[in-house]
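# Examining the three-dimensional arrangement
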Amino acid sequence: MRRHLPPLNALKAFDAAARHLSVTTAADELCVTQGAVSKQIRQLESALGVGLFERKPNGISLTEAGAQYLPFVSAALDSLDSATEQLQGGKRQRERLLLSVTPSFTSSWLISRIHAFEQQHPHLQVDLITGDGKPNFSGTEVDLAIRCLRPERAGQYHRLLLSERLLLVASPDRLAETPVQQPVDILQHRLLTQVTRPGMWDEFLHTLGVDGSPARHGAGFDHFFLAIKAAEEQLGLGLVPDFLAQESINEGRLVNPLGLSMMSGFAYYLFCPGYKAELLKVIQFRDWLAQELISAPL
């Protein structure tokens, strides 16, 4: 049966322009001129009989038809690329998977596990950049983003990874000097503050029924991995996500006095632009990440 398929170059031009929402960036990626990309897209739109992009003074955006078409085109090109690599015996350059991840999740959890993922998927090269706040995929090559947000800020194109549970943590040496034998003893210590969540300690102490103020607040940090390090160095008590403190607790650098914890109301989400959701590399990382989070012991 004869297949009525658009030219491959036209599909590649559409895929690149749609990912970047930029004809200029697509041309750079494909090593052709902007005019060549525009011509290929016009030919594709003509062959399909529908518009794929809206042209605006400040750039381009996908039409509804373009947004529906993109996941299928991207998945087909990805499959063709993988099949070609297998045929060539894996001699081609590895495919890139670009992740944008919050700094604490990156440094305290993900980096130590990336090698295991690459061993399972040797055709992928994982590149990491850090980011905070709700991700914006426009004009970037990011495939997936991991963020810690309140549920009402998560919006579209996300998958819940886990809800955040905060643990009270301290250095064993600090506790040997000033023990925490009951919740009120927390007030005898400096409390390491999270500058992006100023009311965190007040909420925690309230849930324990502890009234009063601590001896003094310790240093403030904008990322949990810094608070974890400060707690290890005996600068004060920390209130940090359980899975981020996992390694430090398992290795005895930190302990959780009295087994105290609190659900924070935040959660960790995996974000992906809709047109990349069905790419094989995205599915492979998404499934691996979910399994790692489930199996990681505390």
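In the block above lies the structure referred to throughout.
### Description of helix 7 (residues 200-208)
Within helix 7, the full set of buried residues consists of Met200, Trp201, Phe204 and Leu205. The buried residues of helix 7 occupy an angular sector of 125° when the element is viewed end-on, so they sit on one face. Pointing more than 90 degrees away from the buried face of helix 7 are the exposed residues Asp202 and His206. Just past helix 7, the residue glycine 209 takes up positive phi, approximately 75°.

### A look at unusual backbone geometry
Note: most peptide bonds trans; most residues except glycine with negative phi. The backbone phi angle of leucine 21 is positive, close to 50°, even though this residue is not glycine. Summarising the element assignment, leucine 21 is placed in the loop between helix 1 (8-20) and helix 2 (23-30). Positive phi outside glycine occurs at leucine 258, with the angle close to 65°.

### Considering the environment of leucine 77
Structurally, leucine 77 is set in helix 4 (residues 64-87). On the basis of relative accessibility, which here comes to 19%, the residue leucine 77 falls in the buried class. Residues leucine 77 and proline 179, 102 residues apart in the sequence, show an inter-C-alpha distance of 60 Å. Apart from the residues lying within four places of it in its own chain, the contact partners of leucine 77 are Leu8, Leu11, Lys12 and Asp15.

### Overview of the packing of aromatic side chains
Within the structure shown, the criterion is met by twelve aromatic pairs. Taken together through their ring pairs, the aromatic side chains of Phe105, Trp109, Phe243 and Tyr268 make up a single cluster. Of note, arginine 197 hangs over the ring of phenylalanine 266, and the distance from its end group to the ring centre comes to 3.7 Å.

### Focus: the side chain of lysine 281
In this structure, lysine 281 sits in helix 10 (residues 280-295). Residue classification places lysine 281 among the buried residues on the basis of a relative accessible area of 10%. There is a polar contact of 2.8 Å between the side chain of lysine 281 and the backbone oxygen of arginine 96. Setting aside residues up to four positions removed in sequence, lysine 281 forms contacts with Asp78, Glu95, Arg96, Leu97, Leu124 and Asp143.

Parameters at a glance
- All residue numbers refer to positions counted from 1 along the written sequence of the respective chain.
- In keeping with the model being predicted, local features are shown solely for residues with a pLDDT of at least 70 and side-chain atom pairs are shown and tallied solely at 80 or more, while totals for entire chains, interfaces and linings include all residues.
- To obtain the side-chain values, all non-hydrogen atoms of the structure were used and water was disregarded.
- Using a 1.4 Å probe on the protein chains alone, a residue whose accessible area is under 20% of its type maximum counts as buried, one over 50% counts as exposed, and one in between counts as partly exposed.
- Secondary structure is summarised from DSSP: a helix means a run of H or I of at least four residues, a strand means a run of E of at least two, and numbering begins at the N terminus for each.
- This arc is taken over the directions from the axis of the helix to the C-beta atoms.
- Contacts are assigned to residue pairs with any non-hydrogen atoms lying within 4.5 Å of each other.
- Put simply, two rings from Phe, Tyr or Trp (the six-membered ring, in Trp's case) pair if the centres are within 6.5 Å, and we call them stacked under 30 degrees between planes, edge-to-face over 60, tilted for the rest.
- To sit over a ring, a charge needs its Lys NZ or Arg CZ within 6 Å of the ring centre and within 35 degrees of the ring normal.
- N or O atoms within 3.5 Å of each other form a polar contact, as long as, within protein, one can give a hydrogen and the other can take it, and as long as residues adjacent in sequence are counted only when both atoms are side-chain atoms.

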